[in-house]
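Close look at the chain arrangement
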Amino acid sequence: MLWGTFSWAALGPVVVVEQTMKAANYLNIIADQLHPYMAVVFPTGNEIFQQDNASCHKARIVLEWFEEHTDEFHLMSWPPNSPDLNPMENIWDIMEKQLRPQTPPCPNISTLRDLRLYIWYNLSPVMYQKLRAYMTRLVAAVLKAKGGATRY
């Protein structure tokens, strides 16, 4: 499993997660990877971080950590079960499409991990900038439709 983040400005870190993601593991990633990334890319502290509603993301220790760091960046609140509003799902889908045509298939988990990391580090800035712009339009459309269907 991979954990990663991005913004319009820059592709963020990616972390190979080799165990079940629990709140303590996730908190370590947030503190060690996300926090420094946000501080460099958004030094004014006015950016919003979006995560999905996985149970480890909603754990008390994680939410308390975000509360302690609200002067540095904010945690977006969004409805459960809304993968269409999570731009990381688009990134994972793009990476999956690049993995599929590999011939022969990856012979072991180590090769698969290395290939996934290679794909991550070679994602086009234009692609994730377009994705970020698309998400702005999508969220506006969802708000206008009051959560209903949109043309996006």
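On a predicted model such as this, the values are computed, not experimentally measured, just so you know. (Residues numbered from 1 in each chain as written. Predicted model: local features only at pLDDT ≥ 70, side-chain atom pairs only at ≥ 80, totals over all residues. Heavy atoms only, no water.)

1. Quick word on the overall build of the protein chain
The helix and strand tally for the protein chain stands at five helices and four strands. Sequence-ordered secondary structure for the protein chain, helices as α and strands as β, is β-β-α-β-α-β-α-α-α. For 152 residues, the compact-globule estimate of 2.2 N^0.38 gives 15 Å, and the protein chain sits close to it at 16 Å. Here the C-alpha coordinates of the protein chain stretch approximately 45 × 40 × 30 Å along the principal axes. (Helix = DSSP H or I, 4+ residues; strand = E, 2+ residues; numbered from the N terminus. Rg over C-alpha atoms; globule rule 2.2 N^0.38 Å.)

2. Observations regarding helix α4 (residues 109-121)
Spanning 13 residues, α4 covers 18 Å between terminal C-alpha atoms, matching the ideal 18 Å at 1.5 Å per step. Among all positions in α4, only L115, L117, I119 and W120 are buried. Considering only its buried residues, α4 is in contact with β1 (2-6), β2 (11-16) and α3 (87-99). At the N-terminal boundary of α4, the capping side chain belongs to N108, with an oxygen 3.1 Å from the backbone nitrogen of S110. (Expected span 1.5 Å × (residues − 1). Buried < 20%, exposed > 50% of the residue type's maximum accessible area, 1.4 Å probe, protein only. Contact = heavy atoms within 4.5 Å. Polar contact = N/O pair within 3.5 Å; in protein donor to acceptor, adjacent residues only side chain to side chain.)

3. Re the UniProt feature "signal peptide" (unreviewed entry) in the protein chain
Taking the numbering used here, the UniProt-annotated feature "signal peptide" (unreviewed entry) corresponds to residues 1-18. Secondary structure within residues 1-18 divides into 0% helix and 61% strand; the distance between the first and last C-alpha atoms comes to 7 Å. (UniProt positions renumbered as here; feature names shortened; annotations may be inferred.)

4. Some points on helix α2 (residues 60-68)
Of the residues making up α2, those classed as buried are V62, W65 and F66. Seen from one end, α2 has its buried residues packed into an arc of 95 degrees, which puts them on one side. In α2, the exposed positions angled more than 90 degrees off the buried face are occupied by R60, E67 and E68. Tucked inside the fold, the buried residues of α2 contact α1 (23-41), β3 (48-49) and β4 (74-75). (Arc of directions from axis to C-beta.)

5. Remarks on the packing of aromatic side chains
Evaluation of the coordinates by the stated rule reveals six aromatic pairs. Note on F66 and F73: the rings are 6.0 Å apart at their centroids and 85 degrees apart in plane angle, and the pair reads as edge-to-face. Across this residue pair, the class does not change: F66 and F73 are buried. (Phe/Tyr/Trp six-rings, centres within 6.5 Å; stacked < 30°, edge-to-face > 60°.)

6. Overview of the pairing of β1
Among the five residues of β1, five are classified as buried, and the element is accordingly described as predominantly covered. Here β1 shows two buried faces, one formed by L2, G4 and F6 and the other by W3 and T5. In the sheet, β1 pairs with β2 via four bridges, with the strands oriented antiparallel. Bridged to W3 within β2 is V15. Linking two consecutive strands that pair antiparallel, namely β1 and β2, is a turn of four residues. (Pairing = 2+ DSSP bridges.)

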